[in-house]
Amino acid sequence: MSGTVMVEARGVRKSFGGTEVLKDLSLTVVEGSVTCLIGPSGSGKTTFLRCLNRLETVDAGIIMIDGALVGVDQRGGRLVEQRERDIAKTRQQSGMVFQRFNLFPHRTALENIAEGPLFVQKRPKAEVLREARELLARVGLADRADAYPQELSGGQQQRVAIARALAMKPKLILFDEPTSALDPELVGEVLAVMKQLAREGMTMIVVTHELGFARDMADQVVFMADGVVVETGPPAQVLGNPIETRTREFVASVI
Ligand code: ADP
Ligand code: MG
């Protein structure tokens, strides 16, 4: 790890209707590190990830990725909403892997991976297809390039989804409960790919209930509840010896 800050969120607030879902949330993520975000259902984890790549706007606070403001530009001392074209660029900085794999059902594994680089980034086809094949090999699916999502297991689909995120050459990847829709016997193969990525130095924010993964791989664990960060620290603290009672109760309930 370089010590360079990749993600900085400061004082982020977000309401839906009259309900404040994120209440003054701050988080720092160092380049090349793994941050595991844990917390009860409804605590705002998904909303926070969506704010990080501007699938949601924020009501207050700022988010910076690799030193640049997300979703807003500073003009004459004021923050103004970015143009749609710039937001699209911002969004490409962070890959996203969802609980439900969200692959295009009528495209093969290879086509799913190549889609973004070809049609969003408009990169040369030969290069994109070569890289897509390399990515399939990296997630252990070199022989399934021509398979359609329905012909793949959930674990294989999720590995294609990870390859698809990587194909856009993101600065970081956001994982939103990537294994919680999988049959238990398929969880390991997806976690193995994620561990490999982490070892290769990818910056990752992972919302997960897999506390074993968090214990082995996280540089920091962030426990969120009711839209605030309750406790942040290394896994040995947050999972092993929590300071806050709420963390302790949550960790005990998951194990
Ligand atoms: P988590 O991922 O931790 O389970 P979420 O971020 O999905 O939590 O949700 C936090 C709260 O925000 C929940 O109460 C949820 O119902 C609410 N919420 C999330 N998205 C929306 C939305 N688009 N409109 C209204 N309420 C929402
Ligand atoms: Mg969620």
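Residues numbered from 1 in each chain as written. Chains lettered and ligands numbered in written order. Predicted model: local features only at pLDDT ≥ 70, side-chain atom pairs only at ≥ 80, totals over all residues. Heavy atoms only, no water.

## What to know about helix H2 (residues 84-93)
Here's step 1: Those residues of H2 that sit buried are Asp86, Ile87, Thr90 and Gln93. Across the axial projection of H2, the buried residues extend over an arc of 100 degrees, all falling on one side. Pointing more than 90 degrees away from the buried face of H2 are the exposed residues Glu84, Arg85 and Lys89.
Here's step 2: Buried residues in H2 make contact with strand E4 (60-65), strand E6 (72-75), strand E7 (78-81), strand E8 (94-97) and strand E9 (172-176). (Buried < 20%, exposed > 50% of the residue type's maximum accessible area, 1.4 Å probe, protein only. Helix = DSSP H or I, 4+ residues; strand = E, 2+ residues; numbered from the N terminus. Arc of directions from axis to C-beta. Contact = heavy atoms within 4.5 Å.)

## Focus: the sheet that holds E8
Here's step 1: An order of E8-E9-E10-E3-E11-E12 is seen for the six strands of this open sheet, with the pairing classed as mixed. Unpaired on one side and paired on the other, E8 and strand E12 (228-233) mark the two borders of the sheet. Averaged over neighbouring strand pairs, the angle between their axes works out to 20 degrees when direction is ignored.
Here's step 2: Across four bridges, the pairing between strand E3 (residues 34-38) and strand E11 (residues 220-225) is parallel. (Pairing = 2+ DSSP bridges. Axes fitted to C-alpha atoms, helices over the stretch in contact; angles between N-to-C directions.)

## Considerations on the packing of aromatic side chains
Here's step 1: Under the criterion given, the structure shown has one aromatic pair.
Here's step 2: Across from the ring centre of Phe104, 5.9 Å away, lies the NZ or CZ of Arg164, which sits over that ring. (Phe/Tyr/Trp six-rings, centres within 6.5 Å; stacked < 30°, edge-to-face > 60°. Lys NZ or Arg CZ within 6 Å of the ring centre and 35° of its normal.)

## Remarks on the sheet that holds strand E5 (residues 68-69)
Hydrogen bonds along the backbone pair up the strands of a sheet, which may run parallel or antiparallel.
Here's step 1: Here we have four strands laid out as an open sheet, ordered E2-E1-E4-E5, and antiparallel in their pairing. Edge positions in the sheet fall to strand E2 (19-30) and E5, since each of these pairs with one other strand and no more.

Purely spatial values, then, with no claim about function.
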